[in-house]
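A structural walkthrough
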Amino acid sequence: MGQKSSPHDPSPRPSAHYRCVGVGVGPANLSLASLLHRYPEVPNLFLDRREAFGWHDSQQIPGTTLQVSLFKDLVSLSDPTNAFSFLSYLHDQGRMYHYLNAQFDSVPRKEFRNYLEWASRRNENIAFGETVAEVGFEDGVFTVGTDRRRVTADNIVIGVGSRPWVPPQAQGLLGDTQFHVNEYLERAGDLAGKRVVVVGGGQSGAEAVLDLVSRPHDRLPRQVCWISRRRSYFPIDDSPFTNDFYMPSHSDYFYGLPAEDRAAFNTEHILSSDGISESTLRDLYQKVYMHRFVDGDPRLVRLQPNREVTGVTGANGGSGPWDITVRHNADAGSTEHHEADVVVWATGFRPAPMDFLAPIADRLEREGDELRVDQDFAAQWDGPLDRNIFVQNAVRGQRGLADLNLSLNAWRSSRIAGRLRGVHSDEQLPSFIEWSSKTAKESWSAS
Ligand SMILES: Cc1cc2nc3c(=O)[nH]c(=O)nc-3n(C[C@H](O)[C@H](O)[C@H](O)COP(=O)(O)OP(=O)(O)OC[C@H]3O[C@@H](n4cnc5c(N)ncnc54)[C@H](O)[C@@H]3O)c2cc1C
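Residues numbered from 1 in each chain as written. Predicted model: local features only at pLDDT ≥ 70, side-chain atom pairs only at ≥ 80, totals over all residues. Heavy atoms only, no water.

**Considerations on the overall build of the chain**
Our working definition: Starting at the N terminus, helices and strands are each numbered in turn, a helix being any DSSP run of H or I of at least four residues and a strand any DSSP run of E of at least two. The quantity called the radius of gyration is restricted to C-alpha atoms. Its globule counterpart is 2.2 Å times the number of residues to the power 0.38. Contact between two residues is taken to exist if any of their heavy atoms lie within 4.5 Å; hydrogens are not considered. Per-residue accessibility takes into account occlusion by the displayed protein chains alone, with areas from the Shrake-Rupley method and a 1.4 Å probe. Counted as positive: Lys and Arg. Counted as negative: Asp and Glu, with His and the chain ends omitted from the count. To locate a charge, take atom NZ for lysine, CZ for arginine, CG for aspartate or CD for glutamate.
Each helix and strand counted, the chain has 14 helices and 19 strands in total. Here the C-alpha radius of gyration of the chain, 23 Å, is about what a compact globule of 447 residues would show, namely 22 Å. When its C-alpha atoms are laid out on the principal axes, the chain stretches across 65 × 60 × 50 Å. Considering only intrachain contacts with a sequence separation of at least 6, the fraction spanning at least 24 residues in the chain is 72%. Counting every atom, the chain has about 21,600 Å² of accessible surface; 51% of that belongs to carbon and sulfur. Here the chain carries 47 positive and 58 negative side-chain charges, and the mean point of each set is 2 Å from the other.

**Things to note about the confidence of the model for the chain**
Operational definition: For every residue, the predictor reports its confidence as pLDDT, a number between 0 and 100.
Taken residue by residue, the chain gives an average pLDDT of 94. The fraction at 70 or more is 94%. Counting contacts from residues 1-7, a segment whose pLDDT is below 50, to residues more than four positions away or on other chains yields 23 contacts.

**Concerning helix α1 (residues 27-36)**
The test is simple: Note on classification: 1.4 Å probe, protein chains only; a residue is buried when its accessible area is under 20% of the maximum for its type, exposed when over 50%, partly exposed between these limits.
Most of α1 is tucked away, with 10 of its 10 residues classed as buried. Here α1 has its buried residues at Pro-27, Ala-28, Asn-29, Leu-30, Ser-31, Leu-32, Ala-33, Ser-34, Leu-35 and Leu-36. Buried residues along α1 sit against β1 (17-23), β2 (44-48), α4 (109-121), β3 (126-128), β6 (150-158) and α13 (409-421).

**Details of empty space enclosed by the protein**
To find leftover empty space, a probe the size of one water molecule is rolled over the atoms. Note the threshold: A cavity, in this analysis, means grid points on a 1 Å lattice covering only the protein atoms where a 1.4 Å probe fits yet has no way out; a pocket is instead an open set bounded by protein on both sides within 12 Å along at least five of seven lines, and a residue lines either one if it has an atom within 4 Å of a point. Grid points are joined across faces, edges and corners, and a volume is the space filled by probe spheres set on the points. Charged means Asp, Glu, Lys or Arg here, nonpolar means Ala, Val, Leu, Ile, Met, Phe, Trp, Tyr, Cys or Pro, and polar covers whatever is left, Gly included.
Under the criterion given, the structure shown has one cavity of 30 Å³ or more. Volume-wise, the largest cavity comes out at about 50 Å³. If you trace the largest cavity, you find it lined by Phe-245, Tyr-246, His-250, Phe-254, Phe-265, Arg-399, Gly-400, Leu-401 and Ala-402. Tallied by class, residues from the lining of the largest cavity come to six nonpolar, two polar and one charged.

**Looking at the packing of helix α6 (residues 203-213) against helix α11 (residues 278-294)**
Stated precisely, the cut-off is as follows: In this description, a line fitted to the C-alpha atoms serves as the axis of each element, helices being fitted only across the stretch in contact, and the angle between N-to-C directions of two axes falls anywhere from 0 to 180 degrees. Two helices crossing with the near one rotated counterclockwise from the far one by less than a right angle form a left-handed crossing, whereas a clockwise rotation gives a right-handed crossing.
α11 packs onto α6 with a crossing angle of 35 degrees between their chain directions and a minimal axis gap of 10 Å. Here α6 and α11 pass one another in a crossing that is left-handed. Judged by residue contacts, Gln-203, Ala-206, Glu-207, Val-209, Leu-210 and Val-213 of α6 engage Thr-280, Asp-283, Leu-284, Lys-287 and His-291 from α11. Counted by class, the contact of α6 with α11 contains five nonpolar, three polar and three charged residues.

**A look at the site of the ligand**
Rules: Residue proximity to a molecule or strand is established when one non-hydrogen atom of the residue lies within 4 Å of it. Here a polar contact means two N or O atoms within 3.5 Å. Within protein one must be a hydrogen donor candidate and the other an acceptor candidate, and residues neighboring in sequence count only if both atoms are side-chain atoms.
Surveying the vicinity of the ligand reveals 30 residues, the closest of which are Asp-48, Trp-55, Gln-67, Asn-393 and Leu-406. Between the ligand and Asp-48, the relevant distance is 2.6 Å, taken from an oxygen atom to a side-chain nitrogen or oxygen of the residue. With respect to the ligand, the side chain of His-56 contributes an N or O atom lying 3.0 Å from an oxygen atom. Starting from 990 Å² of accessible surface for the ligand in isolation, the protein chains cover 90%. Elements that contribute at least two residues to the shell around the ligand include exactly α1 and β2. Partitioning the shell around the ligand into residue classes produces 14 nonpolar, 11 polar and five charged.

**Structural notes on the nonpolar core**
Our working rule: Nonpolar cores were defined as sets of buried Ala, Val, Leu, Ile, Met, Phe, Trp, Tyr and Cys residues, with membership established by side-chain atoms within 4.5 Å.
With 73 residues, the main nonpolar core has Val-21, Phe-112, Ile-156, Leu-357 and Ile-389 as its most contacted residues. When neighbours within four sequence positions are excluded, Ile-156 is seen to be in contact with Val-21, Val-23, Val-135, Phe-142, Val-144, Asn-388, Ile-389 and Phe-390. Counting residues in hydrophobic clusters, the runner-up holds 27 residues, among them Tyr-184, Leu-191, Val-209 and Leu-210.

**Quick look at the pattern of salt bridges**
For clarity, the cut-off: A carboxyl oxygen of Asp or Glu within 4 Å of a side-chain nitrogen of Lys or Arg is what we treat as a salt bridge.
Considering all chains together, one arrives at 28 salt bridges under this definition. The salt bridge partner of Glu-111 is Arg-95, with a shortest N-O separation of 2.9 Å. Of the two residues, Glu-111 sits in helix α4 while Arg-95 sits in the loop between α2 (86-92) and α3 (96-102), which places them 16 residues apart along the sequence. For Glu-111, a relative accessible area of 13% puts it in the buried group. For Arg-150, the salt bridge identified is with Glu-138, shortest N-O distance 3.2 Å. Remark: Glu-138 occurs in strand β4 (residues 132-138) and Arg-150 occurs in strand β6; sequence separation between them is 12 residues. A relative accessible area of 43% places Glu-138 in the partly exposed class. Through salt bridges that share partners, Arg-19, Asp-154, Asp-386 and Arg-387 make up one connected network.

**Thoughts on the sheet that holds strand β14 (residues 331-340)**
The following threshold applies: Between any two strands, at least two bridges found by DSSP are needed for them to pair.
Read from one edge to the other, the open sheet built from three strands follows the order β12-β13-β14, with strand pairing classed as antiparallel. Two strands close off the open sheet at either side, each with one partner strand: β12 (307-314) and β14. Direction aside, the axes of adjacent strands within the sheet are offset by 25 degrees on average. Sheet topology note: the strand β13 (residues 322-328)/β14 ladder contains six bridges and is antiparallel. Counted as the bridge partner of Asp-323 is Glu-339 from β14.

**Remarks on the pairing of strand β15 (residues 342-345)**
Going residue by residue along β15, you find Val-342 and Val-344 tucked away on one face and Val-343 and Trp-345 tucked away on the opposite face as well. For strand β8 (residues 178-180) and β15, the ladder comprises three bridges, and the chain directions are parallel. Each bridged residue has a counterpart across the sheet, and for His-180 the counterpart in β15 is Trp-345. Note: strand β9 (residues 195-199) against β15, four bridges, orientation parallel. Residue pairing in the sheet places Val-198 in a bridge with Val-344 of β15.

This is the structure we're talking about:
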């Protein structure tokens, strides 16, 4: 069936039937495509609207690294002998020893991106340059309409990721001198002598500030101001017991909690996912020290946490310079102003819309803004039980902070693959921690 047709074929078969069609080829669906590759009895096709593979390409700032272990690649944590692992990539490229000898503290982000691209190139079930415009349901199968063809499928797997978000004050003002950090490499090349304001106190904001203040003297901005809503610039919590939140057993425990407990948990532990790598913080602190005390540039960096940008106005028909109004969180009546030539919004991402589901939207159950999913990430709906729409990286409210992260990619995909193949996927042992009173009773009475 579709398994045989090459995705790189410029004229794909106009209609075909698959056991599973994936929408989007980021790390989430690429993981599933990699796990399914060894099962020809599950014909599958994964489509992405990009012309070629990309992974946050404009945030591949030199020196940035992965924030998780290299074992959290596409497959290793659920299928360690799979041919699409990071180790297989290194081996295929002949660089196993070099990688070891380089002694990276973490995988360079660009090397991980290259690995992902390698995995996408080796998989003939993946097609780029094809936008999924519509998913419907007719005669017992899903219909998938793209800008190039129409195919049918028993199951759909959505992995459309997230899109950049800026606060309302910035919406409508974006362009060359005011942009989201996901366009950083395209737009922040030459900022010599400029006044730059970076808004957002997470990893992306920190990386932008570090890059700006690390430029050679003749390419340095005149000033870099870093504004964050958080009280300071906080690190990611990467300690052992916190990392147990990023295990399958915790995802399952979390799923069974009442909705208000899940929401409170995500708020309380946000820094386990959205904090800044300690190495980035250390590099940044050392740069500030050098500029302030050693290199004679004491006014280069301004650090302003615990503040909220309340307004942005621009001269010259909206091309800047910009007047940024800021309120201190501990002093509601306060107002500070910054003049900026360039504003970088590192204000995060929000789930990408799934407009292509419009034909069946009223058949799907929801929980708040999310599709309500079962234990295998299948959206609850009124259709046949053996026809499902799975969602990857889109149910943080139901599955916790790990849902958006690379940590559980391989496990979540193996659950979905297991359901598609009608087998129960293998699970690793649960956490040392007895998350619920139920597991505590079960584990001690069994021992
Ligand atoms: C700069 C950056 C660094 C990160 N680093 C880490 C890290 O080190 N560790 C970690 O755990 N997490 C990290 N993350 C978080 C997360 O792992 C990534 O955002 C990851 O890319 C999410 O994967 P995804 O497949 O869900 O979505 P995405 O990577 O966003 O991929 C979604 C894909 O869907 C496609 N698409 C959307 N709509 C359609 C459509 N209608 N038809 C066809 N295709 C469509 C898009 O073109 C896109 O290619 C990082 C995030 C960012 C922004």
